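Observations on the model geometry
One letter stands for each residue in the lines below.
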Amino acid sequence: MNVFICFMFISVFISQFLTFDATPNNLILSVHQSSSLATAPIPSIADSSPGVQPISTSHKSNSSKKIVIGLTAACLTGVILVLIMCLMICRRKKIFRSSKIRANRLDQLRGLPLSSFITRTNSTFKQTSLQPSVTVMDYNLLKTATNDFQESEILGSGGFGRVYKAQLDHNLLAAVKKLDNQSIDARKEFQTEVDILSKVHHPNIITLLGYCVHDETKMLVYELMPNGSLDTQLHGPSCGTNLTWQCRMKIALDTARGLEYLHEHCKPPVIHRDLKSSNILLDSKFNAKLSDFGLAVMDGANKNIKLSGTLGYVAPEYLLDGKLTDKSDVYAFGVVLLELLLKKRPVEKQKQVPSEYQSLVTWAMSQLTDRSKLPSIIDPVIRDTMDLKHLYQVAAVAVLCLQPEPSYRPLITDVLHSLVPLVPVELGGTLRVAENRVAAALEP
Ligand SMILES: Nc1ncnc2c1ncn2[C@@H]1O[C@H](COP(=O)(O)OP(=O)(O)OP(=O)(O)O)[C@@H](O)[C@H]1O
Ligand SMILES: [Mg+2]
């Protein structure tokens with residue numbers, strides 16, 4: 001369009017140039033020519049009337065030259081503009097083709113249009129999508145992407161199988177969870193995971209890129225989370241050294257945001273039912289996302305569901321009476337808060353009697369409210385690195401979340417609001433601290 005306007009402008013300019021050149025000389029030339037047709041002999045300068053300019057031959061040839069130059073310039077400009085337009089069209093086509101190739105390549109991984117997925121991964125926050133969108137992926141492509149499910153590509157393993165790193169495209173990495181478990185429960189969980197993750201989209205909830213069913217093999221394909229799970233970060237080889245106090249608070253805030261979305265913004269509300277540190281995944285910037293929705297239930301559809309979850313995270317009323325509400329997730333969140341503060345597993349073998357297990361909640365509850373004891377039980381990696389007032393506040397939130405009586409526990413929205421002021425603005429909260437201190441706070 002711009003080129004077209006430019007072309008019009010230059011054309012008008014050239015036509016103006018030619019018109020200027022034609023008057024008065026060319027006009028006079030035509031007057032003279034018509035008069036010369038009437039009177040055969042060419043009048044001399046002396047013969048010419050005073051009102052009419054005499055035309056000399058050199059003047060004539062000058063005018064002709066100008067016309068020729070003008071026309072040549074116009075032609076050249078036209079050719080240049082046409083060339084520019086061709087170049088622009090070619091460039092646009094090339095860009096369009098390369099994005100189409102990328103989309104087609106991903107389309108091959110499945111069957112459904114991938115455009116919905118691309119917009120989905122680019123979006124920041126969306127309310128529950130009414131249109132489920134998920135891609136069915138081709139088995140052979142996933143096989144190639146994971147180097148034939150090679151051991152070296154394993155990211156971790158859980159109750160349902162292994163998780164592999166996959167290179168889907170030049171710049172598209174993914175995590176492929178291959179389900180080995182063929183039980184009815186496993187199939188149900190697979191179905192629930194696909195159903196729920198194709199509908200819920202939020203920055204703090206893992207993105208399901210697609211799934212694959214090949215004979216008895218089932219696979220789920222997620223966005224890759226380069227920093228693995230909170231569980232591996234805390235209890236794996238790095239022993240929590242990558243996680244500063246600020247970073248831990250950000251992880252807690254992100255987790256609360258993910259849960260709040262499920263409880264308050266999804267219709268019907270979703271109860272995760274398996275919140276734990278291994279289901280909190282961390283991207284390259286330690287943004288936390290909730291994963292594993294296989295046990296999740298839509299609130300209201302929670303009648304007669306089988307007791308499930310992970311020991312140490314299950315709320316007492318659910319464990320004892322099968323009573324499931326959003327407050328069960330709040331309890332599990334309280335356990336995750338304890339893990340972040342104390343770097344202890346929710347259920348640990350007792351040092352003195354290894355055959356017996358100790359519940360983290362039982363062990364920590366009394367010490368969390370004791371201000372003199374609390375700093376001494378904190379993970380040594382972060383001990384003395386935080387404002388003590390903030391530590392007491394987080395401990396108080398944890399104590400509330402872990403109340404045995406569900407109605408005494410706060411809603412996740414309340415938890416979220418109490419955490420926001422403890423996280424620096426740069427990390428998604430409202431706490432104002434010097435920029436260099438935030439940068440330092442993120443570095444282990
Ligand atoms: N999207 C992902 N990106 C990177 N790593 C991942 C991803 N999903 C899972 N993992 C890794 O794979 C591990 C196993 O995950 P999986 O969900 O199968 O089991 P789990 O949550 O550890 O245990 P469980 O089966 O008891 O729920 C995780 O702990 C994590 O380290
Ligand atoms: Mg998991």
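Residues numbered from 1 in each chain as written. Chains lettered and ligands numbered in written order. Predicted model: local features only at pLDDT ≥ 70, side-chain atom pairs only at ≥ 80, totals over all residues.

Naming follows an unreviewed UniProt entry, where the protein appears as Protein kinase domain-containing protein of Tagetes erecta. Taken from UniProt, the Sequence similarities (unreviewed entry) comment for the protein reads in full: "Belongs to the protein kinase superfamily." (UniProt positions renumbered as here; feature names shortened; annotations may be inferred.)

Let us now look at the sheet that holds strand β3 (residues 161-169). With mixed pairing, the six strands of this open sheet are ordered in space as β1-β5-β6-β4-β3-β2. Of all strands in the sheet, those bounded by a partner on one side alone are β1 (135-136) and β2 (154-158). Pairing of strand β4 (residues 172-179) with strand β6 (residues 217-223), which is carried by six bridges, proceeds in the antiparallel orientation. Looking across to β6, one finds that Ala175 is bridged to Tyr222. Lying over the sheet, helix α6 (residues 184-197) contacts β4, β5 (208-214) and β6, oriented at roughly 145 degrees with respect to β5. (Pairing = 2+ DSSP bridges. Helix = DSSP H or I, 4+ residues; strand = E, 2+ residues; numbered from the N terminus. Contact = placed C-beta atoms within 7 Å. Axes fitted to C-alpha atoms, helices over the stretch in contact; angles between N-to-C directions.)

Another aspect to go through is the packing of helix α8 (residues 245-265) against helix α10 (residues 326-342). Closest axis-to-axis distance for the α8/α10 pair is 11 Å, and the angle between their directions is 170 degrees. Taken as axis vectors, α8 and α10 run roughly antiparallel relative to one another. In contact with Arg248, Ile251, Ala252, Thr255, Ala256, Leu259 and His263 of α8, α10 contributes Asp326, Asp329, Phe333, Val336, Leu337 and Leu340. (Parallel < 35°, antiparallel > 145°, perpendicular 65-115°, else oblique.)

Moving on, we come to helix α14 (residues 412-419). Among the residues making up α14, those that are buried are Ile412, Val415 and Leu419. Each buried residue of α14 sits inside an arc of 55 degrees when the element is viewed along its axis, so together they form one side. Elements in contact with the buried residues of α14: α8, α10 and α13 (388-401). (Buried ≥ 20, exposed ≤ 12 C-beta atoms within 10 Å, placed from the backbone. Arc of directions from axis to C-beta.)

The immediate surroundings of ligand 1 are formed by 22 residues, with Gly156, Gly158, Gly159, Ala175 and Ser278 found nearest. Within the residue set of the shell around ligand 1, elements represented by two or more residues are β2, β4 and α7 (230-235). Element by element, the count of residues in the shell around ligand 1 is highest for β2, at four residues. Here the residues of the shell around ligand 1 sort into nine nonpolar, ten polar and three charged. (Near = placed C-beta within 6 Å. Nonpolar A, V, L, I, M, F, W, Y, C, P; charged D, E, K, R; others polar.)

Here α10 crosses α13 at 145 degrees, and the two axes come no closer than 8 Å. Like other packed secondary-structure pairs, α10 and α13 cross with a definite hand, here left-handed. Where α10 approaches α13, its residues Val330, Tyr331, Phe333, Gly334, Leu337, Leu338 and Leu341 are matched on the opposing element by Val394, Ala395, Val397, Ala398 and Cys401. Considered class by class, the residues forming the contact of α10 with α13 number eleven nonpolar, one polar and no charged. (Left-handed = near helix turned anticlockwise from the far one by under 90°.)

Looking now at the UniProt feature "binding site: ATP" (unreviewed entry) in the protein. Under the UniProt annotation, "binding site: ATP" (unreviewed entry) lies at Lys178. Among the residues examined, Lys178 registers 19 C-beta atoms within 10 Å and is labelled partly exposed. What Lys178 contacts, discounting residues up to four positions off in sequence, is Phe149, Gly161, Arg162, Tyr164, Thr217 and Met219.

As a further point, take unusual backbone geometry. Residue Pro268 follows Lys267 across a cis peptide bond; omega there is -5 degrees. Relative to the helices and strands, Pro268 is located in the loop between α8 and β7 (270-271). The residue Asp215 is not glycine, and still its phi comes out positive at about 50 degrees. Positive phi is not limited to glycine here, since Lys343 has a value of about 50 degrees.

Below, the discussion takes up helix α11 (residues 360-368). Residues separated by three or four positions in an α-helix point in the same direction, a consequence of the helix having 3.6 residues per turn. Listed as buried for α11 are Val361, Ala364 and Leu368. Viewed end-on, α11 has its buried residues packed into an arc of 80 degrees, placing them on one side of the element. Of the residues in α11, the exposed ones pointing more than 90 degrees away from the buried face are Thr362 and Ser366. On its buried face, α11 is in contact with α10, β12 (357-359), α12 (374-377) and α13.

Let us look at the nonpolar core. Of all hydrophobic cores here, the largest spans 90 residues; its most connected members are Val221, Phe333 and Leu337. In terms of residues, this core owes the most to one element, α10, which gives eleven residues. Beyond its immediate chain neighbours, meaning those up to four positions away, Phe333 contacts Thr255, Ala256, Leu259, Leu275, Cys401, Ile412 and Val415. (Core = buried A, V, L, I, M, F, W, Y, C linked by C-beta atoms within 7 Å.)

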